[in-house]
Amino acid sequence: MTEQHEAPGGVSGRALQKDIPQATVARLATYLRVLAMLADDGVLIVSSEELAVAAGVNSAKLRKDLSFLGPNGVRGVGYDVAKLRTRIEDVLGLSGGHRVVLVGVGNLGRALVGYGGFRRRGFSVVGLFDADPDVVGRSVAGLTVRDVAGLAAGVAELEPTIAVIAVPDDAAQDVCDQLVAAGLQSILSFSACGLIAPPAVEVRRVDLAVEMQMLSFERTRNAEPEPLPEVAHAGSGRIARRVPTPHSPAGHPALTHSTTSHSATEPSSKGSVVTP
């Protein structure tokens, strides 16, 4: 296996980050998850085809994505799971791990803190903050919830690299402002509203309702269209379909013979827009 942890010419993983497209970064995170699962199962070598199938992409796209990382595998042999995992972690900036603070310890916040997958992937929650007096002082997942009034001091003490906002929408911008003022440059927000931050601060928003709306759209788009009702055409022995026309009085649809083409009203591919 000839995988390396430096790209050709001695370029480090950090230097490569500027050249990697955002879509590839998202897929690298998926590859990393799959590689972690393979490592847990004791798999040492994985082919591009096997890794692609597990990640839900085609092998050509996977090889192109991994080409941004420099030499990683051997033709006819595959990828060293441990080395490729380390390489991707390096490029994604995960080698040193991340310290995370969470603001908002409601139902969503507690669920996030209780998720063990974060620590396995290099994200350690080190501080919890909330404004509710009934919540402040309680122990959640082994951490004592702090008063959000002391957020700036807490950030200075805990030295987090990432902050997560899980507060009500009307409080999200204020919390974001406090985190930015405290020096945080990476913020993940679960608020439905967009947050305003300086250009140097990276804010990513997770809106679960939007994700479900996208699922609803895909479900509707992929659903089979309902067939139009069919009636026997008197005297012809042919089948006619009832379809409304602009010239038909309300409640009295016209009859259109089945010999009429319907291709003009049927989308030819996913996502096409049809004008009546």
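- The name given to the chain in an unreviewed UniProt entry is Redox-sensing transcriptional repressor Rex, with the source organism recorded as Nocardia bhagyanarayanae.
- Regarding the chain, the relevant UniProt record gives this comment under Sequence similarities (unreviewed entry): "Belongs to the transcriptional regulatory Rex family."

## A word on the UniProt feature "binding site: NAD(+)" (unreviewed entry) in the chain
So, point 1. Here the UniProt-annotated "binding site: NAD(+)" (unreviewed entry) positions come out as Gly-104, Val-105, Gly-106, Asn-107, Leu-108 and Gly-109.
So, point 2. When you line up the elements, Gly-104 lands in the loop between strand E4 (98-103) and helix H6 (107-114).
So, point 3. Other than its neighbours up to four places away in sequence, Gly-104 contacts Gly-109, Phe-129, Asp-130, Ala-166 and Val-167.
So, point 4. Residue classification places Gly-109 among the buried positions, given a relative accessible area of 0%.
So, point 5. Here Gly-109 is in contact with Leu-102, Gly-104 and Ala-166, once residues within four sequence places are set aside.

## Describing the packing of aromatic side chains
So, point 1. For the structure on display, the rule yields one aromatic pair.
So, point 2. Aromatic pair Tyr-115 and Phe-118: ring centres 4.8 Å apart, planes at 90 degrees, arrangement edge-to-face.
So, point 3. Of the residues examined, Tyr-115 reaches a relative accessible area of 38% and is grouped as partly exposed.

## A word on the layout of surface pockets
Empty pockets left among the atoms are what a rolling probe the size of a water molecule brings to light.
So, point 1. Space inside the largest pocket adds up to approximately 1900 Å³.
So, point 2. Contributing to the lining of the largest pocket are 41 residues, with Leu-92, Leu-94, Phe-123, Ile-162 and Arg-204 lying nearest its centre.
So, point 3. Looking at the lining of the largest pocket element by element, the count peaks at ten residues for helix H2 (residues 22-40).
So, point 4. When we break the lining of the largest pocket down by domain, the ones giving at least three residues each are domain 1 (14-92) and domain 2 (98-214).

## A look at the packing of H2 against helix H3 (residues 48-55)
So, point 1. Contact geometry for H2 and H3: axes closest at 9 Å, N-to-C directions at 105 degrees. Between H2 and H3, the interaxial angle falls into the category roughly perpendicular. Judged by residue contacts, Thr-30, Tyr-31, Val-34 and Leu-35 of H2 engage Leu-51, Ala-54 and Ala-55 from H3.

## Some thoughts on the pairing of strand E7 (residues 143-147)
Strand residues, when the strand is regular, have side chains that alternate between the two faces of the sheet.
So, point 1. Where strand E5 (residues 123-130) lies against E7, three bridges are found, and the strand directions are parallel. Within E7, the position partnered with Phe-129 by the bridge is Arg-146.
So, point 2. Where strand E6 (residues 139-140) meets E7, two bridges bridge the pair, whose relative direction is antiparallel. Paired with Ser-139 across the bridge in E7 is Thr-144.
So, point 3. Counted along the chain from E6 to the antiparallel partner E7, the turn is two residues long, and its residue Ala-141 has a positive phi close to 55 degrees.

Rules used throughout
- Residues numbered from 1 in each chain as written.
- Predicted model: local features only at pLDDT ≥ 70, side-chain atom pairs only at ≥ 80, totals over all residues.
- Heavy atoms only, no water.
- UniProt positions renumbered as here; feature names shortened; annotations may be inferred.
- Helix = DSSP H or I, 4+ residues; strand = E, 2+ residues; numbered from the N terminus.
- Contact = heavy atoms within 4.5 Å.
- Buried < 20%, exposed > 50% of the residue type's maximum accessible area, 1.4 Å probe, protein only.
- Phe/Tyr/Trp six-rings, centres within 6.5 Å; stacked < 30°, edge-to-face > 60°.
- 1 Å grid on protein atoms, 1.4 Å probe; cavity = no way out; pocket = protein on both sides within 12 Å on 5 of 7 lines; lining within 4 Å.
- Points joined across faces, edges and corners; volume = space filled by probe spheres on them.
- Domains from an automatic or database assignment.
- Axes fitted to C-alpha atoms, helices over the stretch in contact; angles between N-to-C directions.
- Parallel < 35°, antiparallel > 145°, perpendicular 65-115°, else oblique.
- Pairing = 2+ DSSP bridges.

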